[in-house]
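# Structural description and commentary
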Amino acid sequence: MVTSCNTEGDILYAQRLAWKDPNMVLQTWDPTLVNPCSWFHITCNNDNSVIRVDLGNAGLSGPLVPDLRRLRNLQYLELYDNSLNGTIPATLGNLTKLISLDLYDNKLTGAIPTTLGAIRTLRFLRLYENRLTGPIPASLGNLKRLEILQLQKNALSGSILSSLGNIKTLASLKLNDNRLSGVVPLEILSLVISGLTELNIAKNNLAGTVRSSGFRVTTIIQDKLKTA
């Protein structure tokens, strides 16, 4: 029976029940404890509120539960290199203190939720090597503190939106190996002036080319310009 003493413990235990855990990494997630701060892979602040979930490369499979949104003080959600499936819950946009969302190298499907653009504290958004589809949300341009945006190796479609050019803190933008079309907006290229050092847009259906002359950028990776 799930204890009612601690809401965050209830949420995480519900997540445990939704996952398959063949390596028993969640064995210490005991719902009878007062709070989850003594559980392995969980870090709390001085108020016994969860600020980190570290379960990268843990052999987990199954979906993410929408109720993770209620981990109000969560700063790091590290679930990379597992076999998580289903969609990314739109409710994660409620995690208004999140600094890092690492869901890369899983089997997640569906669209990138537009609600992620509401997490103004976000600095690292890595969703690459999944099975995500649909467009890159324009709302991601609201993430004014974002340093790393890596969405490569999915099945994203549509255009690269100029709103991403609003992220002046961006150092790495990797959109390669998708199904993106159109042209690369000048607003994106202008980011190299403010510190963009890595831009990879190769293996898409983009028209035209990126000219790196005149820009101080370490790496621009693109497809060669197709000629008739």
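The model shown is predicted, which means the values in this text are computed figures rather than measured ones.

Conventions and cut-offs
- Residues numbered from 1 in each chain as written.
- Predicted model: local features only at pLDDT ≥ 70, side-chain atom pairs only at ≥ 80, totals over all residues.
- Heavy atoms only, no water.
- Pairing = 2+ DSSP bridges.
- Helix = DSSP H or I, 4+ residues; strand = E, 2+ residues; numbered from the N terminus.
- UniProt positions renumbered as here; feature names shortened; annotations may be inferred.
- Phe/Tyr/Trp six-rings, centres within 6.5 Å; stacked < 30°, edge-to-face > 60°.
- Buried < 20%, exposed > 50% of the residue type's maximum accessible area, 1.4 Å probe, protein only.
- Disulfide = S-S within 2.5 Å.

### Focus on the pairing of strand 9 (residues 131–134)
Where strand 7 (residues 107–110) meets strand 9, 2 bridges bridge the pair, whose relative direction is parallel. Bridge pairing in strand 9 links Thr 109 to Arg 131. Where strand 9 and strand 11 (residues 155–159) come together, 2 bridges link them in parallel fashion. Looking across to strand 11, one finds that Thr 133 is bridged to Ala 155.

### Section: the UniProt feature "domain: Leucine-rich repeat-containing N-terminal plant-type" (unreviewed entry) in the chain
Under the present numbering, the feature "domain: Leucine-rich repeat-containing N-terminal plant-type" (unreviewed entry) in UniProt falls on residues 6–45. Along residues 6–45 the backbone is 30% helical and 8% strand, and the end-to-end C-alpha distance reaches 15 Å.

### Brief notes about the sheet that holds strand 3 (residues 61–62)
Picture the strands of a sheet paired through backbone hydrogen bonds; they go either parallel or antiparallel. On the basis of which strands lie adjacent, the open sheet formed by 7 strands has the order 3-5-7-9-11-13-15 and parallel pairing. Since the sheet does not close on itself, it has two edges, and those belong to strand 3 and strand 15 (205–206), each with one partner.

### Observations regarding the packing of aromatic side chains
One pair of aromatic rings is described through two measures. These are the centre distance and the angle between the planes. Applying the stated criterion across every chain, the model contains 3 aromatic pairs. Centre to centre, the rings of Trp 29 and Trp 39 are 5.3 Å apart; their planes meet at 25°, and the pair counts as stacked. Within this pair, whereas Trp 29 is found in the loop between helix 1 (7–18) and strand 1 (42–44), its partner Trp 39 is found in the loop between helix 1 and strand 1, the two being separated by 10 residues in sequence. Comparing Trp 29 with Trp 39, the two get one shared label, buried. Their ring planes at 10° and their centres at 4.5 Å tell us that Tyr 104 and Tyr 128 sit as a pair that is stacked. Note that Tyr 104 is positioned in the loop between strand 6 (100–102) and strand 7 and Tyr 128 in the loop between strand 8 (124–126) and strand 9, a separation of 24 residues in sequence. Residue Tyr 104 shares its accessibility class with Tyr 128, and that shared class is buried. An aromatic cluster of three or more residues is present, and its members are Tyr 80, Tyr 104 and Tyr 128.

### Considerations on the state of the cysteines
Per the stated rule, a full pass over the model turns up 1 disulfide. Disulfide pairing is shown between Cys 37 and Cys 44; the S-S distance is 2.2 Å. Across the S-S bond of Cys 37 and Cys 44 the torsion is about -95°, and the bridge reads as left-handed. Since its relative accessible area comes to 23%, Cys 37 is described here as partly exposed.

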